[in-house]
Amino acid sequence: MSDQLSALESEVAAKAAAVQTEADLESLRNEFLARKGGRLSQVMASLGRLPKEERAEFGRRANESKERIEAAFGQAQQRILNAGLQAELAQRYDVTFPGIPARLGRQHVLRRTLNDVVEFFHRRGFAVVMGPEVETEFFNFEAMNIPADHPARDAMDTFYLAGGTLLRTHTSPMQMRTLLAYPPPVAVLVPGRTFRRDALDARHAFNFHQFEGLQVDRGITFGHLKGFVTDLCRHLYGAQRRTRFRPSYFQFTEPSAEVDVSCAVCDGSGCRTCGGAGWLEMGGSGMVHPNVLRTAGHDPEMYSGWAFGLGIERIAMVRHGIDDIRAFTESDPGFLEQFA
Ligand SMILES: [Zn+2]
């Protein structure tokens, strides 16, 4: 009898280890453990035929067997459950697949360009001042020596708002605001957004960024302006770049000059980037007009100063070979992520 129980245990152990599905395990459990007709019950049924003194020992032995058989089935069930879970995970996730790196933000190329300019001015002791983007007509035009009927206003058409205000066409109004607030010596950098009523194309935008430098003190000459602008262009475009000043006309400077920088691609011999000119236009400059100093309450016989303004987009386009100004505002990651 004891041999029969041992044989039963071995058989269960072998079959339970091989079973693959819960359904097969269930029928195996029925085969061996069913109360009626189960194979353990069949062995137990012979209990009645044993001599009385052997029955207790056999009963104890049979209980042991039942526990071992149930343990074997329990193990098998756990194994099948785990295998099922693993299979499901593998179907849903491939844990060996490389992860997707998180996309990190970064500073916009215009911001980086501007920071570069700010650093240049900071090192030379200039203060950074920001002005209002919604300006009065006075600060945008009259204070900059552009009266109401002056044709220069046509070239600087902008968006007019209620109450005689407008979106500023340049950062120059901050020249006047600064000169009214502080007596010379004054040395400031004015960066910021500016607006024109221009149709959008590869070279024009109705919203762009400028910065301008202003220095007013006793004894400031055009030589100071040339030295400063030449130094800045070398900082922005490389030590080999040359600058030239072409006579020009602006209402708030006298004399006035356009600033060109030698083309970095052809070094002045002419190429597609510079349109064959060998030079790239950078912006306007000049000596602060005596009328501007007078409006601010400073004596032009005592003080003089220089001012110049450049476009941030223009600098970034030349530095990085970007040929369409719209790329800056289209938020295309493919474009923006080039500038790490
Ligand atoms: Zn060129």
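Notes on the structure follow.

**Regarding the packing of aromatic side chains**
Step number 1: Enumeration according to the criterion identifies 16 aromatic pairs in this entry.
Step number 2: Centre to centre, the rings of phenylalanine 328 and phenylalanine 335 are 6.1 Å apart; their planes meet at 75 degrees, and the pair counts as edge-to-face.
Step number 3: On the numbers, 5.2 Å between centres and 70 degrees between planes, the contact of phenylalanine 335 with phenylalanine 339 is edge-to-face.
Step number 4: The class of phenylalanine 335 is buried, set by a relative accessible area of 12%.
Step number 5: In this structure phenylalanine 339 comes out as buried when scored by relative accessible area, which is 10%.
Step number 6: Members of the aromatic cluster, joined through ring pairs, are Phe120, Phe121, Phe126, Phe211, Phe228, Trp306 and Phe308.
Step number 7: Over the aromatic face of phenylalanine 120 sits the side chain of arginine 124, whose NZ or CZ is 3.6 Å from the ring centroid.
Step number 8: The ring of phenylalanine 139 has arginine 177 sitting right over it, with the charged end atom 4.0 Å from the ring centre.

**Topic: helix H2 (residues 22–33)**
Step number 1: Relative to the 16 Å expected for 12 residues at 1.5 Å per residue, H2 spans 16 Å between its end C-alpha atoms, a close match to the ideal helical length.
Step number 2: Looking only at H2, the buried set comprises Leu25, Leu28 and Phe32. Angular distribution of buried residues about the axis of H2 spans 60 degrees; they occupy a single face of the element.

**What to know about the layout of surface pockets**
Step number 1: Of the voids in this model, the largest pocket is the one considered here, and its volume is about 1100 Å³.
Step number 2: Lining the largest pocket are 36 residues, and of these Arg196, Phe208, Gln210, Met282 and Gly283 sit closest to its centre.
Step number 3: Among the elements of the structure, helix H7 (152–155), strand E5 (207–217), strand E6 (243–250), strand E7 (253–262), strand E8 (279–288), strand E9 (304–311) and helix H11 (312–320) are those that each provide at least two residues to the lining of the largest pocket.
Step number 4: The element that contributes the greatest number of residues to the lining of the largest pocket is E8, accounting for six residues.
Step number 5: For the lining of the largest pocket, the residue count by class is 14 nonpolar, 14 polar and eight charged.
Step number 6: Its boundaries defined by the atoms lining it, the second largest pocket holds a volume of some 390 Å³.
Step number 7: Lining the second largest pocket are 17 residues; nearest its centre among them are Arg203, Arg272, Thr273, Cys274 and Leu280.
Step number 8: If you list the elements that add at least two residues to the lining of the second largest pocket, you get E8 and H11.
Step number 9: The residue inventory of the lining of the second largest pocket, partitioned by class, reads nine nonpolar, three polar and five charged.

About the cut-offs
- Residues numbered from 1 in each chain as written.
- Predicted model: local features only at pLDDT ≥ 70, side-chain atom pairs only at ≥ 80, totals over all residues.
- Heavy atoms only, no water.
- Phe/Tyr/Trp six-rings, centres within 6.5 Å; stacked < 30°, edge-to-face > 60°.
- Buried < 20%, exposed > 50% of the residue type's maximum accessible area, 1.4 Å probe, protein only.
- Lys NZ or Arg CZ within 6 Å of the ring centre and 35° of its normal.
- Helix = DSSP H or I, 4+ residues; strand = E, 2+ residues; numbered from the N terminus.
- Expected span 1.5 Å × (residues − 1).
- Arc of directions from axis to C-beta.
- 1 Å grid on protein atoms, 1.4 Å probe; cavity = no way out; pocket = protein on both sides within 12 Å on 5 of 7 lines; lining within 4 Å.
- Points joined across faces, edges and corners; volume = space filled by probe spheres on them.
- Nonpolar A, V, L, I, M, F, W, Y, C, P; charged D, E, K, R; others polar.

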